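Now for the letters of each chain:
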Amino acid sequence: MFIGAMLPTIVYSQSADTTYLQEVKVYGIPFTSFATGSTIETIASDSTIETLGDRLFDNTTLYLKTYGHGQLTTIAMRGSTASQTAVLWNGININSPTLGQTDFSLLPLFLVDEVSVRYGSSSALYGSDAIGGSILLGQAAPRFTKYTQVSALQQLGSFGRMSTGLKLNAGSDRWEFRTKFTHMQLNNNFRYYSPANGFEKVQEHAGVTNYGVDQQIFYKISSRQQLSLEGMLTHNFREVQPAVTNNDGDETMHDDHLRLCLNYIVDSNIGVISATTAYINNNQTYDDGGKVSTVQSTQLTAQFHIDQMINMRSSFRYGGNFNHFTAVSQHYAAGLNENRFDVFTSYRLAVLPQMLVSLDLRQAFYNRSNAPFTPSVGFDWTIKDGAIHKVTWRALAGSGFRIPTLNDRYWQPGGNPDIQAEQSLNIESGARWSVIHDRVNISVDVTAFKNWMTDMIVWLESAHAGVWAPSNLQQVHVHGSEIRGAWQQQVYKTKLRFNIAYSYVKSINQKGLNEHDDATCLLYTSD
C-alpha cells in the first residue's frame, strides 16, 4: 500500500490578477537538436519521490535488473550491457569510471526536472558508453521573473516506507535560486514464501535510507550572457538483501556522490558559446561482516561547444571536452589516474521544408590511444502534415564505442591493460503516425533496429581458479523492434491517457573468444 500527500504549494509573484504559464525548456540536455533520425522518449518528473530506476521500470520497455526494492538497479538498452548505456548530467557522462555503469537506485528522480531516453548508438553525440542508448538528465531553464514558490511532499507506504520532499524556488529578473531536498526510508520487511526453505518468512536485513540535496543558482549577466551553478549531493545506505536461504545477512553498503557544475553561456559574434566545468566525487564503502572495501573516484571535466547558424536552413556545432580521472582502492596500484580528450562536430540541414538531415562526428583519445572514430547520419521526413493526420519517417546509421573502464584495465588481480575498446554499428528506421481530432490525440510509433558489436568486453573466469578477467568477444549481433501507442482524451476538466509499449530484442554472440569458442548466448544480457 502506498499513500502520498502533496502539501499546499505557496507561490508569490507580482502578477496579482493574471497567471501566466511559463514556457518549459530543458536546461542541461545538449545535442538533442542534432539527434535527427533517432528515437527519443521524454519522461517528466512529477510530484512523486522515487528513484530513476523505478520511473524507467514503470514508464518504458527498458530491461532493468534489480536485486530488490532500493537495491542495486542496472539497465540494458536494446540488448546491450549495463556499461553500454551513457548517463549524462548537464551534458557530462556520470557513469562510474571504475565500474563503467550507473546504479539507477542511487539517483532520486525528485532532484531532476526531466529525463530523456535516447535509444540506439549515439557516441557521435554523447561519447563513450553510448552503444545501447543514453539517459539524459536535465533541469528546467530559468524564468528570470520575480516569484517565490514553496512546495512539500510527504509519502507513506507499506513495509516502513516514508518519503519526504521539499522544493524552495525564488527568482528575480536577474537571479534565480532553486533548492530541492528529498529523504526516503524503507524497511522492506515484507512476508514471502521461500521455496528453498519450504515455509513463509519475513524479509530481514534489506532496509534502505537515502537523502539528496540539489542547489541551482542562475545569474543573467546581460541579455546575451548567463552563468549557472549546480551542486547535487546524494547519500545512500542499504543493507544488502540476502539470499532466501540466508537468515544472517550482515552486508551493508554506503554510497556518497557529490556533483558540482559551473556553466557559462554567451551569444557572441561567432555563435552561441557554452563552456562547462565540473567536479564529481564517488565514494563507495562495502562492509561484509567487518571486512571493509572502499572505492573512491574523482572526475574533473572541462568542455565547450559553439553553435553557429549558417543560414535559416542549416546550423553547425563544434567543440571538445577533457576529463581527468583518479581512483583509489586496495585493488589498484597507488596513484592511478587517466586523461581523456574528445573533439566533435555536428551539422544539421533542412534539405526540404519537410526533411531534416544531420551529420555527427567524434574522435576520442585515452591513455595514449585513439578510441574508434564515430560518425553518425540521420534524417527525419514529414510525409504528411495535415490538420488532423501527421506521418513522419526517420532513419539513422551510426557507430558507437566504449572505452574500457579502470577496472577492466587496472583491477588487481585480473585487469588487462591491453583490452580493446568496444565498437558498434547501429542502423534503425521508424515511422510515427498521429491524429488530433476534437479532444482526442492518438499516436503510434514503430521502430526496427540492428546493432553489430565488436570487441565486446565480458568478464569470465580464467584458467586460474577464482581469478576473473576481462576478454573481448569477437562479434555480437543484436536486432529487434519497438512499438509504442498512446491515446489521450479530454473530458471536461479531466484528461484520460492510455499507453502501450512492446519491445523485442535478440542478442547473439556470433563469434566467441577464439576459433574454438562456439558459445552464442551472452552472459548477464536479456534476450
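Given the structure is predicted, the values throughout are model-derived calculations rather than measurements.

### What about the confidence of the model for the chain?
Right, so step 1: Per-residue confidence for the chain gives a mean pLDDT of 88, with 90% of residues at or over 70.
Right, so step 2: Within the model, the stretch residues 8-30 combines pLDDT values under 50 with 44 contacts to residues more than four positions away or in other chains.

### Focus on the nonpolar core
Right, so step 1: In this structure, Leu 52, Leu 56, Ile 135 and Leu 137 are the most contacted members of the largest nonpolar core, which totals 25 residues.
Right, so step 2: Here this core gets three residues from one element, more than from any other, and that element is strand 9 (residues 114-119).
Right, so step 3: If you look at the next biggest cluster of nonpolar residues, it comprises nine residues, including Ile 131, Met 453, Leu 473 and Val 476.

### Brief notes about the environment of Asn 407
Right, so step 1: Mapped onto the fold, Asn 407 is located in helix 3 (residues 406-410).
Right, so step 2: On a C-alpha basis, the gap between Asn 407 and Ala 327 in space is 10.0 Å, while along the polypeptide they are 80 residues apart.
Right, so step 3: Every residue in contact with Asn 407, bar those within four places of it in the chain, is listed here: Thr 98, Leu 99, Tyr 332, Gly 415 and Trp 459.

### Observations concerning unusual backbone geometry
Right, so step 1: The residue after Gln 412, namely Pro 413, is reached through a cis peptide bond having omega 5°.
Right, so step 2: Along the polypeptide, Pro 413 turns up in the loop between helix 3 and strand 27 (422-437).
Right, so step 3: Located in the positive-phi region is Asn 188, a residue other than glycine, with phi close to 60°.
Right, so step 4: With respect to the helices and strands, Asn 188 occurs in the loop between strand 13 (175-186) and strand 14 (191-194).

### A closer look at the pairing of strand 12 (residues 161-171)
Right, so step 1: Side-chain alternation along strand 12 places Arg 161, Ser 163, Gly 165, Lys 167, Asn 169 and Gly 171 on a buried face and Met 162, Thr 164, Leu 166, Leu 168 and Ala 170 on a face that remains uncovered.
Right, so step 2: Bridge count for strand 11 (residues 147-157) against strand 12 is 11 bridges, and the pairing is antiparallel. What sits directly across from Ala 152, in strand 12, is Leu 166.
Right, so step 3: Judged from the 10 bridges that link them, strand 12 and strand 13 form a sheet pairing that is antiparallel. In the sheet register, Ala 170 faces strand 13, and the bridge partner there is Phe 177.
Right, so step 4: Between the antiparallel neighbours strand 12 and strand 13 lie three residues.

### Details of the environment of Phe 304
Right, so step 1: Secondary-structure assignment places Phe 304 in strand 20 (residues 291-311).
Right, so step 2: Residue Phe 304 is classed as partly exposed on the basis of its relative accessible area of 39%.
Right, so step 3: Along the sequence, Phe 304 and Gly 319 sit 15 residues apart, while their C-alpha atoms lie 5.5 Å from each other.
Right, so step 4: Discounting residues that sit within four places of it in the chain, Phe 304 has contacts with Ser 274, Ala 275, Tyr 318, Gly 319, Gly 320 and Phe 344.

### Here we look at the packing of aromatic side chains
Right, so step 1: Evaluated as defined, the whole model comprises nine aromatic pairs.
Right, so step 2: When the centroid spacing of 5.1 Å and the interplanar angle of 85° are considered together, the rings of Phe 379 and Trp 393 count as edge-to-face. Placement of the pair is Phe 379 in strand 25 (residues 374-385) and Trp 393 in strand 26 (residues 389-402), with a sequence separation of 14 residues.
Right, so step 3: Assessed through its relative accessible area of 34%, Trp 393 is described here as partly exposed.
Right, so step 4: Site record: aromatic cluster; members linked through ring pairs are Phe 159, Phe 190 and Tyr 192.
Right, so step 5: Arg 78 extends its terminal NZ or CZ atom over the ring of Phe 449, reaching a point 4.2 Å from the ring centre.
Right, so step 6: Across the ring face of Tyr 119, the terminal group of Arg 484 is positioned such that the distance to the ring centre comes to 4.6 Å.

Thresholds applied
Residues numbered from 1 in each chain as written. Predicted model: local features only at pLDDT ≥ 70, side-chain atom pairs only at ≥ 80, totals over all residues. Heavy atoms only, no water. pLDDT = per-residue confidence, 0-100. Contact = heavy atoms within 4.5 Å. Core = buried A, V, L, I, M, F, W, Y, C linked by side-chain atoms within 4.5 Å. Buried < 20%, exposed > 50% of the residue type's maximum accessible area, 1.4 Å probe, protein only. Helix = DSSP H or I, 4+ residues; strand = E, 2+ residues; numbered from the N terminus. Pairing = 2+ DSSP bridges. Phe/Tyr/Trp six-rings, centres within 6.5 Å; stacked < 30°, edge-to-face > 60°. Lys NZ or Arg CZ within 6 Å of the ring centre and 35° of its normal.

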